[in-house]
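A structural walkthrough
Spelled out, the chains give:
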Amino acid sequence: MPPAHPFDDDKLKEECGIFGVVGVTDAANFVALGLHALQHRGQEAGGIVSYHPDHGFNSARRFGYVRDNFTSQKLMETLPGELAIGHVRYSTAGSKGQTQIRDVQPFFGEFSMGGAAIAHNGNITNAEALRRELIERGSIFQSSSDSECIIHLMARSLQRNIPERMEDALRRVEGAFSVVAMTRTKLIGVRDPLGVRPLVLGKIGDGWVLSSETCGLDIIGADYVREIEPGEMVVITAEHGVESIRPFRPQKSRFCIFEHVYFSRPDSIIGDRSVYETRRQIGVELARETPIEADLVCPVPDSGTPAAIGYAHESGIPYGMGIIRNQYMGRTFIEPTEQIRNMGVRLKLNVNRALIKGKRVVLVDDSVVRGTTSRKIKEMILDAGAAEVHFRIASPPTAWPCFYGVDTPQREKLLAATMSEDEMRDHLGVDSLKFISLDGLYRAVGEASGRDAKSPQYCDACFSGEYPVKPSDMVEKGFQMKAAE
């Protein structure tokens, strides 16, 4: 299954998108559209659960893209009702790359007071400890997903109703979680106390919508209402609208800054800021911090495009599409032989030779993870006759793994964990390599005075090594956290 980005082996990957609708006819159809808009957050598999008073709960879980499964009228007719939730998945916790259908969310549980389904974006950092405890007490797990812990914790809760059982369960959970859930009558949304992962509320006619991003609201014509706040639970019914509950002790928000850099779609809005405009501003800051004499600014498509536009505008160097992406790299492509596999990036990208030849080129990309793709792109640009190649990276060096819902390589495989900026430049074989500073990134997302070192405004652990929630499962396995300065 090819990820949305052309360099599937060398990008950090968000692992989930979640969506829910209540109070509209054929809610599952709206959920399918919402998941289609959130496809960039997970391309491995998807699922939808709906409820109809006459037919009860129904679910469909499939491998592959939303468009290849949830556009079938025959399938969608099996998901009736005015209440539905859905999930698109890229595995982080659980069996990476070996997904079983039982790992595909939403998960469903039958409780004494009725059924409930749950879909989760994020990562539970104490899931293994919870799983051991639950299994010892008699729980039988069906999947390898950390999210299933929530269902089992709810089942063991003594609270009177499902929203209260969910509160009870989530108080035991550490890490990052945005959750959409449903009962027979209620749509529920929750964000963890730090608000690491996103969740927004929308309105469509007399109905309500929950989505990982605002682009999910746009596709169904829903109006954006607000973000679900960190540590907030909303319980929504068609009859009574939105009830807000605060199940957790208030904490300072630590939203994931990489949502601004890469994960979210550029047409989404985060914290009343356009993601596109933030990325363009990252390019502006990058040009101010790392000027260079060059003839052309080129994005590495598609994620580097807004930052490249900002860099070109601020630097005065002309912007050009020096690399063209093949939009038709789908699953229907011929079975890759070893010879074709060795072509690598060329199947997905091609250099615009007429534009590149003889030029000093600034390549703007969103990140460098392992560096494998950066080297291939550099070689393509030089093969096309570029005089010089300068990399400008729209995020600080990624030197630490994420444990909050992003698929990150082990730390020793991250280029920035083992090399200085100069060593990375030599390793990639480019004329220059510069990253935006952490302060520059903070300025681009609207923090005029940069990063507050004593109390950072965002979660930036992948850059700083400062984890707002201790990754207890990983520490137990031997992960060495950064020593306190």
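Every chain begins its residue count from 1, and numbering advances along the sequence as written. Side-chain atom pairs in this predicted model are given and counted only at pLDDT of 80 or more, local residue features only at pLDDT of at least 70, and totals for whole chains, interfaces and linings cover all residues. Only hydrogens and water are removed before side-chain values are computed, so all heavy atoms of the structure are retained for them.

1. A look at the packing of aromatic side chains
Each Phe, Tyr or Trp ring, with Trp reduced to its six-membered ring, pairs with another whose centre is within 6.5 Å; inter-plane angles below 30 degrees give stacked pairs, above 60 give edge-to-face pairs, and intermediate values give tilted ones. Applying the stated criterion to the full structure yields 14 aromatic pairs. Judged by centre distance (4.8 Å) and plane angle (50°), the rings of F57 and F108 are tilted. Highlighted residues: F57 in strand 4 (residues 56-63) and F108 in strand 6 (residues 107-111), separated in sequence by 51 residues. Centroid distance Y262 to F263: 5.9 Å. Interplanar angle 55°. Geometry classified as tilted. In this structure Y262 comes out as buried when scored by relative accessible area, which is 14%. One aromatic cluster is present, built from ring pairs that chain together W400, F403, Y404, Y467 and F479. What counts as a helix is a DSSP run of H or I of at least four residues, what counts as a strand is a run of E of at least two, and both are numbered from the N terminus. Exposure classes here rest on a 1.4 Å probe applied to the protein chains alone. A residue is buried below 20% of its type maximum, exposed above 50%, and partly exposed in between.

2. Side note on the side chain of S212
Mapped onto the secondary structure, S212 falls in the loop between strand 11 (207-211) and helix 6 (214-220). A polar atom in the side chain of S212 sits 2.9 Å from the backbone nitrogen of I18. Here, residues are in contact when the closest pair of their heavy atoms is within 4.5 Å. Those residues in contact with S212 that sit more than four places away from it in its chain are C16, G17, I18, L38, R41, N121, P198 and L199. Whenever two N or O atoms come within 3.5 Å, that pair is a polar contact, provided that in protein one can donate a hydrogen and the other can accept it, and provided that, for residues adjacent in sequence, both atoms are side-chain atoms.

3. Some details on the sheet that holds strand 21 (residues 360-365)
Strands qualify as paired when DSSP identifies two bridges or more between them. Overall, parallel pairing links the four strands, which are arranged 18-21-22-24 in an open sheet. Since the sheet does not close on itself, it has two edges, and those belong to strand 18 (296-299) and strand 24 (432-435), each with one partner. Sheet twist, expressed as the mean angle between neighbouring strand axes with direction ignored, is 20°. Across six bridges, the pairing between strand 21 and strand 22 (residues 388-393) is parallel. In this analysis an axis means a line fitted to C-alpha atoms, helices contributing only their contacting stretch, and an angle means the value between N-to-C directions, from 0 to 180 degrees.

4. What about the sheet that holds strand 12 (residues 223-227)?
Strand order in this open sheet of seven strands is 4-3-5-2-11-10-12, and the pairing throughout is antiparallel. Sheet topology places strand 4 and strand 12 at the edges, where each strand pairs with a single neighbour. In this sheet, neighbouring strand axes are inclined to one another by 15° on average, regardless of whether the strands run parallel or antiparallel. As judged from the five bridges shared by strand 10 (residues 200-204) and strand 11, these two strands associate in the antiparallel manner. The residue bridging K203 from the neighbouring strand is W208, located in strand 11.

5. Topic: the confidence of the model for the chain
Across the chain, the average pLDDT comes to 91, with 91% of residues at or above 70. The low-confidence segment residues 92-96 (pLDDT under 50) makes 15 contacts with residues lying over four places distant or belonging to another chain. Predictor confidence is given residue by residue as pLDDT, running from a minimum of 0 to a maximum of 100. Note that pLDDT drops below 50 for residues 330-336; the model gives that stretch six contacts with residues more than four away or on any other chain.

6. Structural notes on the packing of helix 8 (residues 275-289) against helix 9 (residues 305-315)
Where helix 8 meets helix 9, the axes come as close as 6 Å, and the angle between the chain directions of the two elements is 45°. Judged by the angle between their axes, helix 8 and helix 9 are oblique. The crossing of helix 8 and helix 9 is right-handed. When helix 8 is examined against helix 9, the residues Y276, R279, R280, G283, V284, L286, A287 and R288 are found in contact with a partner set consisting of P306, A307, I309, G310, Y311, H313, E314 and S315. Along the lines of polarity and charge, the residues of the contact of helix 8 with helix 9 split into eight nonpolar, four polar and four charged. For this classification, under 35 degrees means roughly parallel, over 145 means roughly antiparallel, 65 to 115 means roughly perpendicular, and everything else is oblique. Whether a crossing is left-handed or right-handed is set by the direction in which the near helix is turned from the far one by less than a right angle, anticlockwise for left-handed and clockwise for right-handed. Note on residue classes: Ala, Val, Leu, Ile, Met, Phe, Trp, Tyr, Cys and Pro are nonpolar, Asp, Glu, Lys and Arg are charged, and everything else, Gly too, is polar.

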